[in-house]
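If you want the building blocks of each chain, they are given just below.
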Amino acid sequence: MRWGIDHPGITRSNPKIDLGTYTLSIDGEVEKPQKLGWDDFLKLPMVESVSDFHCVEGWSVLDCRWEGVRFKTVVELVKPKPAAKFVTFGCSDGYTTSLDLNELSGDDVLLAYRLNGEALEEGYGFPLRLIVPSKYAYKSALWVTRIKFTVQKELGYWERRGYSDTADVWKDDRFTR
Ligand SMILES: Nc1nc2c(c(=O)[nH]1)N[C@H]1C(S)=C(S)[C@@H](COP(=O)(O)O)O[C@H]1N2
Ligand SMILES: [Mo]
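Trainee: Describe in detail the packing of aromatic side chains, supporting the description with residues and values.
Mentor: Tallied over the full model, the rule gives 12 aromatic pairs. Note on tyrosine 95 and tyrosine 157: the rings are 5.8 Å apart at their centroids and 40° apart in plane angle, and the pair reads as tilted. Here the residue tyrosine 95 occupies a position in the loop between β5 (86-91) and β6 (96-100), and tyrosine 157 occupies one in the segment after β10 (144-150), the gap between them amounting to 62 residues. In this structure tyrosine 95 comes out as buried when scored by relative accessible area, which is 15%. Where tyrosine 157 meets tryptophan 158, the ring centres are 5.2 Å apart and the plane angle is 90°; that geometry is what we call edge-to-face. The side chain of arginine 161 reaches across the aromatic face of tyrosine 157, ending 3.7 Å from its centre.

Trainee: I'd like a description of helix α2 (residues 71-78), backed by residues and values.
Mentor: All of the buried residues along α2 are Phe71, Thr73, Val74 and Val78. Projected down its long axis, α2 carries its buried residues within an arc of 155°, all on one side. Turning to α2, the residues buried within the fold contact β1 (23-28), β2 (34-37), β4 (60-70), β5, β7 (110-115) and β10. Just downstream of α2 lies lysine 79, where phi reads positive at about 50°.

Trainee: Outline the sheet that holds β10, listing residues and values.
Mentor: With mixed pairing, five strands are arranged side by side in an open sheet as β2-β1-β10-β5-β6. Only two strands of the sheet have a single partner each, and these edge strands are β2 and β6. With strand direction ignored, the average angle separating the axes of adjacent strands in the sheet is 15°. By the bridge criterion, five bridges tie β5 to β6 in an arrangement that is antiparallel. Paired with glycine 90 across the bridge in β6 is threonine 96. Along the sheet face, α2 touches β1, β2, β5 and β10 and points at about 60° away from the line of β10.

About the thresholds
Residues numbered from 1 in each chain as written. Chains lettered and ligands numbered in written order. Predicted model: local features only at pLDDT ≥ 70, side-chain atom pairs only at ≥ 80, totals over all residues. Heavy atoms only, no water. Phe/Tyr/Trp six-rings, centres within 6.5 Å; stacked < 30°, edge-to-face > 60°. Helix = DSSP H or I, 4+ residues; strand = E, 2+ residues; numbered from the N terminus. Buried < 20%, exposed > 50% of the residue type's maximum accessible area, 1.4 Å probe, protein only. Lys NZ or Arg CZ within 6 Å of the ring centre and 35° of its normal. Arc of directions from axis to C-beta. Contact = heavy atoms within 4.5 Å. Pairing = 2+ DSSP bridges. Axes fitted to C-alpha atoms, helices over the stretch in contact; angles between N-to-C directions.

No statement about biological role is implied by the geometric values presented.
Listed below in structure tokens is the structure:
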């Protein structure tokens with residue numbers, strides 16, 4: 001399965017991630033920073049969430065059945081300090097994006113590793129990607145390797161290039177105004 005269209009001028013090559021050496025680092029403004037190997041991550045409680053996926057360029061994919069770990073669960077694990085207000089996601093291809101901590105508190109916000117009953121394909125973010133259904137797809141970090149809690153907002157890759165930082169699908173917030 002493949003969806004979407006390539007971004008003009010950008011050829012994205014999918015990083016190849018080896019589960020044997022994969023590490024998810026969760027750090028920054030937290031009481032209990034973590035370095036989780038893949039097996040450690042799989043021990044976190046798994047949930048399923050069906051949601052739609054919307055791209056800023058106008059396309060959507062309906063009824064995606066994601067399985068993974070609620071972002072909430074990660075928050076409980078690392079215990080952000082009171083000053084932590086934002087989260088920056090880092091990816092193995094160098095991509096970054098960031099969100100307000102309170103935008104990540106919904107039950108449908110997942111660190112997903114399965115889509116429609118199968119492990120994520122490389123092109124979809126294998127082994128782990130972020131799903132935030134109320135936000136445009138560029139907030140949906142693929143190949144996540146680092147989650148950093150911050151006091152100040154760090155603008156992500158597209159957000160620094162003029163895409164809306166709020167990326168709210170229902171306000172059709174495609175560009176910064
Ligand atoms: N690591 C990483 N994540 C990324 C990107 C990227 O280039 N690298 N592109 C973003 C953009 S612009 C979009 S539209 C979605 C595309 O997700 P999809 O390939 O599952 O449709 O991934 C987002 N997450
Ligand atoms: Mo995009």
